[in-house]
Amino acid sequence: MRIEYDVKLDFKDVLIRPKRSVLTSRSEVTLEREFRFRHAKQKWQGVPIIAANMDHTGTFAMAKALAEHKLLTAIDKFATEEDWVHFSEKHKHIIPSTFVSIGIAEAEFEKAQKIINAAHVQMICLDVANGYTERFVNFLMRLREAYPDKVIMAGNVVTGEMVEELILSGADIVKIGIGPGSVCTTREKTGVGYPQLSAIIECADAGHGLGGHVCADGGCVTPGDVAKAFAAGADFVMLGGMLSGHDESSGEVIEEKGRKYKRFYGMSSAEAMEKHHGSVAEYRASEGRSVNVPYRGAVKNTIHDILGGIRSTCTYVGAHRLKELSKRTTFIRVSKQLNESLVPFDTNSNK
C-alpha cells in the first residue's frame with residue numbers, strides 16, 4: 001500500500017482566470033476543430049462534444065439533432081443492426097458523426113461487424129467500465145487489426161500510463177473518467193476513482209505526447225464544467241446527464257405532482273441490467289443509480305446554452321478558437337465558486 005499526497009482536483013475546485021482579450025463578441029469564437037488521428041486514415045471536423053452511449057442519450061434521435069450543430073453521438077450498444085440500417089438509409093450524412101458502441105464480448109464484436117458493414121459506420125466506441133484489464137487491451141488490438149481505417153475511441157481509464165498503452169494498442173481517442181458521472185456509483189461501491197479535472201490534465205499530457213486524443217467522460221454539470229474540461233486539455237467531451245430529459249432522449253414523459261420527468265439511469269445500474277440482461281449477475285453489484293430528471297423539451301435549447309457558455313469562456317481568456325483554450329487557461333484553486341444564496345426579494349413584485 002502507498003499514498004500519493006499530491007492534490008487532485010475536480011471541476012468544483014477551480015475557476016478560470018480571465019485574461020486580456022481582443023475579441024469583441026462571442027460570435028468571433030470558432031468552436032469547430034479538425035482532427036487527424038494517429039491510426040485511422042481519415043479526418044473529422046466539427047464541435048467535439050459527444051452524447052454518451054447510454055441508452056437514454058445515445059439515441060438516433062439525439063444523433064440527428066446534434067448533427068445539425070456538428071456534434072457527435074455515441075449510439076448505445078443495444079441498438080440493433082436493423083435500427084442502424086434504417087437510420088443510415090435515411091440519414092447517410094449523419095453516419096460520419098456517430099459511433100457504434102461495443103463491449104468486449106465475442107457476440108458484440110460479431111454484431112458490430114454486421115453494423116459497420118451494413119451501415120458503413122466510420123467510428124467505433126469500445127466501452128467498458130474498467131479499461132485496465134489485459135483482456136480489454138487485447139480486444140482493442142484485435143479491433144484495430146480488423147478495422148485499420150476506423151476511428152476507435154476506447155476507455156475508460158484515468159491515468160497517463162494507461163492512456164499511453166491504449167494509444168499504442170490502437171486507440172485514436174482514449175475515454176477518461178471513472179466514477180464522475182451523475183448516475184454512477186462506482187466510487188461509492190468500490191472506492192475506486194480519480195478527480196476528473198486532474199485526470200483530464202494528466203491523461204491529455206500523456207495522450208498528446210503520442211499523437212493521440214482524449215475524451216473527458218463524466219462529471220460535467222454546467223456549461224462552465226464543459227469549458228473547464230476543454231481548458232484542461234480534453235480534445236472531446238462526452239455528456240450524459242446534461243443531455244438527459246429531452247425529447248430526443250429515450251423513455252416516456254411521466255408526471256408526478258404536476259411536474260414532468262423522464263427516467264435516467266446508469267448503464268451499470270440494477271434497472272439497466274434488468275432491462276437489458278434480465279437480472280443483476282450474482283458475482284457483481286449495481287454501480288449506478290436511477291433517477292427521474294426534469295423534462296426539458298428539445299435538446300437544441302440545451303446545446304445552444306452549452307455552446308454559448310464555451311464561447312463566452314473563450315472571450316474571457318482571449319481564445320479565438322476552441323483549440324486555443326487550453327493554451328490560454330490558468331486555473332485558480334477556490335474553496336467556493338458559486339454564490340448559492342437566494343435572491344432576498346421578489347424582483348417581479350411591484351411592492
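First things first, this report covers the structure right here in the doc. (Residues numbered from 1 in each chain as written. Predicted model: local features only at pLDDT ≥ 70, side-chain atom pairs only at ≥ 80, totals over all residues. Heavy atoms only, no water.)

With that settled, consider the overall build of the protein. Along its length, the protein carries 10 helices and 15 strands. Among the 351 residues that make up the protein, the fraction classed as buried is 49%. For the protein, long-range pairs separated by at least 24 residues make up 67% of all intrachain contacts whose partners lie at least 6 apart in sequence. Summed over its atoms, the accessible surface of the protein is roughly 17,500 Å², and 49% of this surface lies on carbon and sulfur atoms. (Helix = DSSP H or I, 4+ residues; strand = E, 2+ residues; numbered from the N terminus. Buried < 20%, exposed > 50% of the residue type's maximum accessible area, 1.4 Å probe, protein only. Contact = heavy atoms within 4.5 Å. Areas by Shrake-Rupley, 256 points an atom, 1.4 Å probe, with all protein chains shown as cover.)

A cluster of nonpolar side chains, namely M1, I3 and Y5, defines an oily patch on the protein surface of about 490 Å² accessible area. The topology assignment puts Y5 in the segment before strand 1 (14-16). (Patch = residues over 30% accessible without salt bridge, like charges linked within 9 Å, V, L, I, M, F, W, Y side chains within 5 Å. Salt bridge = Lys/Arg side-chain N within 4 Å of Asp/Glu carboxyl O.)

So, about the nonpolar core. One finds W84, I124, L126, V163, L166, V174 and I176 to be the most contacted residues of the largest nonpolar core, which totals 43 residues. In contact with V163, other than residues within four places in its own chain, are V157, V174, I176, C203, G207 and V214. With 38 residues, the next largest nonpolar core counts L66, L197, A234 and I303 among its residues. (Core = buried A, V, L, I, M, F, W, Y, C linked by side-chain atoms within 4.5 Å.)

Turning to the packing of aromatic side chains, a few remarks are in order. Counting across every chain of the model gives seven aromatic pairs. When the centroid spacing of 6.0 Å and the interplanar angle of 45° are considered together, the rings of W44 and F236 count as tilted. One end of the pair, W44, is in strand 3 (residues 43-46); the other, F236, is in strand 11 (residues 236-239), and 192 residues separate them in sequence. With a relative accessible area of 7%, W44 lands in the buried category. What makes F236 buried here is its relative accessible area of 1%. Ring geometry for F60 and F87: centres 4.7 Å apart, planes at 35°, overall tilted. With F60 in helix 1 (residues 60-67) and F87 in helix 2 (residues 81-90), this pair connects stretches of sequence that are 27 residues apart. Taken as a pair, F60 and F87 share a single burial class, namely buried. Three or more aromatic residues joined by ring pairs make a cluster, and in this case those are F35, F37, W44 and F236. The residue whose ring lies beneath R142 is F109, and the NZ or CZ to ring-centre distance is 4.0 Å. (Phe/Tyr/Trp six-rings, centres within 6.5 Å; stacked < 30°, edge-to-face > 60°. Lys NZ or Arg CZ within 6 Å of the ring centre and 35° of its normal.)

Our focus in this paragraph is the sheet that holds strand 5 (residues 72-75). Strand order in the closed barrel made by the eight strands is 4-5-6-7-8-9-10-11, with parallel pairing throughout. Direction aside, neighbouring strands of the sheet carry axes that sit 25° apart on average. The sheet contact formed by strand 8 (residues 151-157) and strand 9 (residues 173-176) spans four bridges and is parallel. The residue of strand 9 that forms the bridge with M153 is I173. Those strands touched by helix 1 are strand 4 (49-51), strand 5 and strand 6 (98-102), and its axis lies near 170° from that of strand 5. (Pairing = 2+ DSSP bridges. Axes fitted to C-alpha atoms, helices over the stretch in contact; angles between N-to-C directions.)

This brings us to helix 10 (residues 299-317). Over its 19 residues, helix 10 extends 28 Å from the first C-alpha to the last, a length consistent with the 27 Å expected when each residue adds 1.5 Å. The elements touched by buried residues of helix 10 are strand 1, strand 4, helix 1, helix 8 (223-231) and strand 11. Positioned one or two residues after helix 10, G318 has a phi angle of 80°, which is positive. (Expected span 1.5 Å × (residues − 1).)

It is worth spelling out the pattern of salt bridges at this point. A complete count under the given rule lists 12 salt bridges for this structure. Of the charged contacts, one joins E4 and R2 as a salt bridge, the two residues approaching to 3.3 Å between their closest N and O atoms. We note a salt bridge from D217 to K175, for which the minimum N-O separation is 3.0 Å. Here K175 lies in strand 9 and D217 lies in strand 10 (residues 213-217), a separation of 42 residues in the sequence. The two residues D217 and K175 agree in class, both being buried. Salt bridges linked by common partners bring D127, K175 and D217 together as one network.

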